[in-house]
Amino acid sequence: MKARALRTALVHLLLAGGAFLSAMPFLWMLTTALKPESALYQPPLLFPAHFQWENFAKAWQAAPFPRFFLNSAVMTAGIVLAQTLFSAMAGYAFARMRFAGRDLLFFGVLGTMMIPFPVTLIPSFLVVNWLGWIDTYNALIVPRAVSAFAIFLFRQFFLSLPRELEEAALMDGAGRLTIFFRIVLPLSTPVIAASAIFSFLFAWNDFLWPLIVTNSPDMRTVQVGLAMFQGQYGVFWTLLSAAATIVTLPAVLAFLAAQRQFIAGITNTGLKE
Amino acid sequence: MNGVRLQKTPSKASRWGRTLGEWPAALFFLLPTVAVLGTFNFYPALYSLYLSLFEWNGLSPTREFVGLANYARLLASGEFWNSLRVTLLYAGGVTLLALALGLGVAVLLNQPIRGQAVYRVLYFLPVITPTVASGVVWKYLFDPTQGVVNRGLAGVGLEGPSWLSDPSWALAAVVVVGVWKRVGFNMVVYLAALQGIPRAYYEAAQLDGAGPWQQFRHITLPLLAPTTFFLVVTALIDAFQVFDLVYVMTSGGPLGGTDVLGYYLYRQGFRYSELGFASAVAYVMFALIFAVTVAQFRLTRGGGQGEG
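Residues numbered from 1 in each chain as written. Chains lettered and ligands numbered in written order. Predicted model: local features only at pLDDT ≥ 70, side-chain atom pairs only at ≥ 80, totals over all residues. Heavy atoms only, no water.

### Details of the overall build of chain B
Scanning chain B from N- to C-terminus turns up 12 helices and two strands. When its helices and strands are written in sequence order, chain B yields α-β-β-α-α-α-α-α-α-α-α-α-α-α. For 308 residues, the compact-globule estimate of 2.2 N^0.38 gives 19 Å, and chain B exceeds it by more than 25% at 25 Å. The dimensions of chain B, computed from C-alpha atoms along their principal axes, are 75 × 75 × 35 Å. For chain B, with 308 residues in total, the buried portion stands at 51%. Sequence separation of at least 24 residues holds for 66% of the intrachain contacts in chain B that already meet a minimum separation of 6. For chain B, the accessible surface area stands at approximately 14800 Å², while carbon and sulfur atoms represent 64% of it. (Helix = DSSP H or I, 4+ residues; strand = E, 2+ residues; numbered from the N terminus. Rg over C-alpha atoms; globule rule 2.2 N^0.38 Å. Buried < 20%, exposed > 50% of the residue type's maximum accessible area, 1.4 Å probe, protein only. Contact = heavy atoms within 4.5 Å. Areas by Shrake-Rupley, 256 points an atom, 1.4 Å probe, with all protein chains shown as cover.)

Below you can see the structure in the form of structure tokens.
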């Protein structure tokens with residue numbers, strides 16, 4: 001009995017140690033963001049002893065963060081909506097419709113997941129440039145309006161739905177569009193949630209593409225803005241930490257809200273491989 | 001991939017005609033996908049191969065066909081070999097360390113203990129944290145005088161290096177951040193796989209007198225092999241493309257010490273406007289990732305067919 005209690009204590013000790021290392025950067029980011037500039041040279045804190053909330057306001061104003069936020073919000077909303085709708089449509093066609101070349105096309109879609117992003121970077125930039133989209137929301141959203149991964153998620157989900165409902169509707173003469181929007185989509189909230197959280201985190205955290213297709217401060221997203229801010233305020237750790245906290249918060253909140261769907265999405269696709 | 005093939009449904013669909021099937025309707029459902037993936041994935045993948053045969057600054061109306069000269073220049077460039085070496089070290093380091101730590105945490109978590117959900121969230125948070133913000137915060141943690149890392153080392157009487165500006169330590173520091181961001185992902189996937197191993201296997205082994213280590217070595221590890229494989233391949237593919245962390249933390253420096261291929265490509269393409277040369281770099285990355293993917297297919301065909 002005693003040996004078991006000891007064992008449990010040891011397991012907790014190890015896990016807590018690791019969890020501390022894992023969470024430590026967040027703690028220091030937060031305590032630093034709340035420090036007055038004068039306390040910066042004091043030892044780092046585990047729990048906030050100061051509450052200099054002005055740092056957030058200062059960081060918010062030191063660079064056009066409101067504008068960065070607006071840009072990231074527009075881009076993220078656009079990508080989430082487009083990826084969810086278009087991937088659901090494609091996933092439905094691949095799961096349910098019968099047409100020549102379907103499997104070939106589906107493997108083509110999956111194949112795009114194997115093309116590393118750097119390989120498509122320069123030509124995609126040239127296409128966007130040719131379209132005159134540099135420094136526009138179009139450049140930020142349209143090239144990422146479809147996600148092969150989401151198509152895969154939706155297809156798997158639709159294959160697991162019983163087809164009787166749809167068949168009955170087909171017999172009644174309903175078209176595919178009606179069936180998709182009226183019958184299938186309303187049954188698909190779990191996979192919509194999973195796909196949306198992946199799209200959200202991808203879009204909110206994305207850096208390289210927005211860095212390349214935007215030039216003016218007016219079109220920068222939060223991540224690009226934060227990187228530039230760091231370039232200017234390199235050693236102002238309180239302001240930098242405040243800015244990093246502001247930029248991280250939406251991702252953490254979104255993850256906490258949809259944790260279950262997110263982790264199910266990873267483990268399902270991970271193990272089906 | 002078993003069981004996903006559609007059963008033949010009775011001839012309801014035949015009113016759309018046999019050869020076309022449901023193409024007219026399917027076309028509508030697939031149009032956005034085909035348009036976007038075609039324009040921003042398939043076409044660019046081919047076009048960058050084509051571009052890699054030219055010398056072009058992206059602005060001038062003419063481009064000069066140079067054949068394989070960009071590749072020859074690449075192979076003769078010390079910068080490129082350095083970049084390749086740094087990339088392989090980064091990818092190997094992050095993949096192996098995050099794999100071992102992820103497995104360790106998953107095994108510890110795979111028992112009835114309190115606070116499991118809390119632990120899982122704490123380990124997973126770095127995965128979803130924006131890389132730019134992570135880079136900014138870790139840069140502070142690695143600050144030579146004010147950073148937590150060196151203050152901690154000083155606390156036990158050691159003098160830490162000036163991590164990010166020291167050529168022999170900068171890459172190690174970036175690897176630490178890469179590992180920190182990866183462990184949670186591996187942990188979650190391993191945990192799901194561990195929960196799929198039947199208890200009966202362990203009970204039978206216990207009856208045969210196998211200790212905890214033997215059980216781990218002869219039951220857990222072999223049954224986790226397909227998962228391990230999946231995690232190694234995905235981690236390598238991700239790590240070969242690392243860019244954000246390096247951009248924020250070191251800008252490829254000091255002295256090229258963290259000049260990974262992703263950053264090298266970015267410099268060549270977007271700082272020096274050497275679009276043809278940068279495309280050749282991109283194709284070398286493609287080849288690297290393709291080799292890993294092919295190795296995956298080869299090896300999974302050989303062994304764990306029972307999984308899927």
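### What to know about the overall build of chain A
Counting its regular elements, chain A contains 14 helices and zero strands. Going from N to C terminus, chain A has its helices and strands arranged as α-α-α-α-α-α-α-α-α-α-α-α-α-α. The C-alpha radius of gyration computed for chain A amounts to 23 Å, which surpasses the reference 19 Å derived for 273 residues by more than 25%, pointing to a less compact arrangement than a globule. Across its three principal directions, the C-alpha atoms of chain A cover 75 × 70 × 35 Å. Excluding contacts between residues fewer than 6 apart, the proportion of contacts in chain A whose partners are at least 24 apart in sequence is 71%. As displayed, chain A offers around 11800 Å² of accessible surface, 69% of which is attributable to carbon and sulfur atoms. Side chains of chain A give 17 positive and 11 negative charges; the mean places of these two sets differ by 9 Å. (Lys, Arg positive; Asp, Glu negative; His and termini not counted. Charge placed at Lys NZ, Arg CZ, Asp CG, Glu CD.)

### Some remarks on unusual backbone geometry
Peptide bonds are mostly trans, and most non-glycine residues show a negative phi. Here the residue pair Gly253(B) and Pro254(B) is connected by a cis peptide bond, since its omega of -15° sits within 30 degrees of zero. Take Pro254(B): it is sitting in the loop between helix H10 (244-249) and helix H11 (261-271). Look at Asp135(A): it is not a glycine, yet its phi comes out positive at around 70°. Positionally, Asp135(A) belongs in the loop between helix H5 (117-130) and helix H6 (137-141). Judged by its relative accessible area of 22%, Asp135(A) falls in the partly exposed class. In this model, Ser273(B) sits at a positive phi of 50°, which is unusual for a non-glycine residue. Relative to the assigned elements, Ser273(B) resides in the loop between H11 and helix H12 (275-302). For Ser273(B), a relative accessible area of 30% translates into the label partly exposed.

### What to know about the confidence of the model for chain A
The predicted model of chain A averages 90 in pLDDT, with 96% of residues at 70 or higher. No element of chain A has a lower mean pLDDT than helix H14 (residues 259-272) of chain A, which averages 74, and none a higher one than H6(A), which averages 97. (pLDDT = per-residue confidence, 0-100.)

### Examining helix H13 (residues 237-257) of chain A
Residues and elements named next belong to chain A. With 21 residues, H13 extends 29 Å between its outermost C-alpha atoms, agreeing within 8% with the 30 Å of an ideal straight helix rising 1.5 Å per residue. Along H13, the sharpest change in direction is near 35° and occurs at threonine 248; proline proline 250 comes one to four residues later. Burial analysis of H13 places 17 of its 21 residues in the buried class, the great majority of the element. (Expected span 1.5 Å × (residues − 1). Bend = angle between axes of the 7 residues up to and from the residue.)

### With respect to the confidence of the model for chain B
All names here are of chain B. The share of residues in chain B with pLDDT of 70 or more is 91%, and the mean pLDDT across the chain is 89. Between residues 13-17, whose pLDDT stays under 50, and residues either more than four places distant or in other chains, the model counts five contacts. Counting contacts from residues 303-308, a segment whose pLDDT is below 50, to residues more than four positions away or on other chains yields four contacts.

### Some words on the interface of chain A and chain B
The partner chain B presents 95 residues to the 103 residues of chain A that form the contact. Carbon and sulfur atoms supply 76% of the area buried between chain A and chain B, which totals about 8700 Å² over both sides. In this structure, the connection of chain A to chain B is made through one salt bridge. A salt bridge links Glu22(B) to Arg176(A), with the nearest nitrogen and oxygen atoms 2.8 Å apart. Viewed at the interface, chain B and chain A are joined by 13 residue pairs in polar contact (both at pLDDT 80 or more). (Buried area = accessible area lost by both parts, 1.4 Å probe. Salt bridge = Lys/Arg side-chain N within 4 Å of Asp/Glu carboxyl O. Polar contact = N/O pair within 3.5 Å; in protein donor to acceptor, adjacent residues only side chain to side chain.)

### Points about a nonpolar patch on the surface
The grouping of Leu85(A), Leu177(A), Phe181(A) and Phe28(B) at the surface amounts to a nonpolar patch, some 350 Å² of accessible area in total. Mapping Phe181(A) onto the fold places it in helix H9 (residues 176-184). (Patch = residues over 30% accessible without salt bridge, like charges linked within 9 Å, V, L, I, M, F, W, Y side chains within 5 Å.)

### Here's the deal with the environment of Leu177(A)
By the secondary structure assignment, Leu177(A) is in helix H9. The sequence separation of Leu177(A) and Gln232(A) amounts to 55 residues, and the corresponding C-alpha distance is 52 Å.

### Digging into the packing of H5(A) against helix H1 (residues 23-51) of chain B
Running from N to C, H5(A) and H1(B) point in directions that differ by 105°, and their axes come no closer than 7 Å. Taken together, the axes of H5(A) and H1(B) lie roughly perpendicular to each other. Together, Val119(A), Thr120(A), Ile122(A), Pro123(A), Ser124(A), Leu126(A), Val127(A) and Val128(A) of H5(A) and Thr39(B), Phe40(B), Asn41(B), Tyr43(B), Pro44(B), Ala45(B), Tyr47(B), Ser48(B) and Leu51(B) of H1(B) make up the contact between the two elements. Its residues placed into classes, the contact of H5(A) with H1(B) shows 12 nonpolar, five polar and no charged. (Axes fitted to C-alpha atoms, helices over the stretch in contact; angles between N-to-C directions. Parallel < 35°, antiparallel > 145°, perpendicular 65-115°, else oblique. Nonpolar A, V, L, I, M, F, W, Y, C, P; charged D, E, K, R; others polar.)

### Let's talk about the packing of aromatic side chains
Enumeration over the complete set of coordinates arrives at 49 aromatic pairs over all chains. Measuring from centroid to centroid gives 5.3 Å for Tyr43(B) and Tyr47(B), while their planes differ by 25°, and the two rings are stacked. You can see Tyr43(B) and its partner Tyr47(B) sitting in helix H1, four residues apart, about one turn around the helix. Classification of Tyr47(B) as buried rests on a relative accessible area of 17%. Within the aromatic cluster, the residues linked to one another by ring pairs are Tyr92(A), Phe154(A), Phe157(A), Phe158(A), Phe180(A), Phe181(A), Phe28(B) and Phe29(B). (Phe/Tyr/Trp six-rings, centres within 6.5 Å; stacked < 30°, edge-to-face > 60°.)

### Points about the packing of helix H3 (residues 78-109) of chain B against helix H9 (residues 212-240) of chain B
Residue and element names in this part refer to chain B. Relative to each other, H3 and H9 sit at 145°, their axes nearing to 10 Å. H9 is crossed by H3, and the crossing has right-handed handedness. Taken together, the residues of H9 that come into contact with H3 (itself represented by Thr87, Leu88, Tyr90, Ala91, Thr95, Leu99, Leu103 and Val107) are Phe216, Leu221, Leu224, Thr228, Leu231, Val232, Ala235, Leu236, Ala239 and Phe240. Residue composition of the contact of H3 with H9, by class: 15 nonpolar, three polar and no charged. (Left-handed = near helix turned anticlockwise from the far one by under 90°.)

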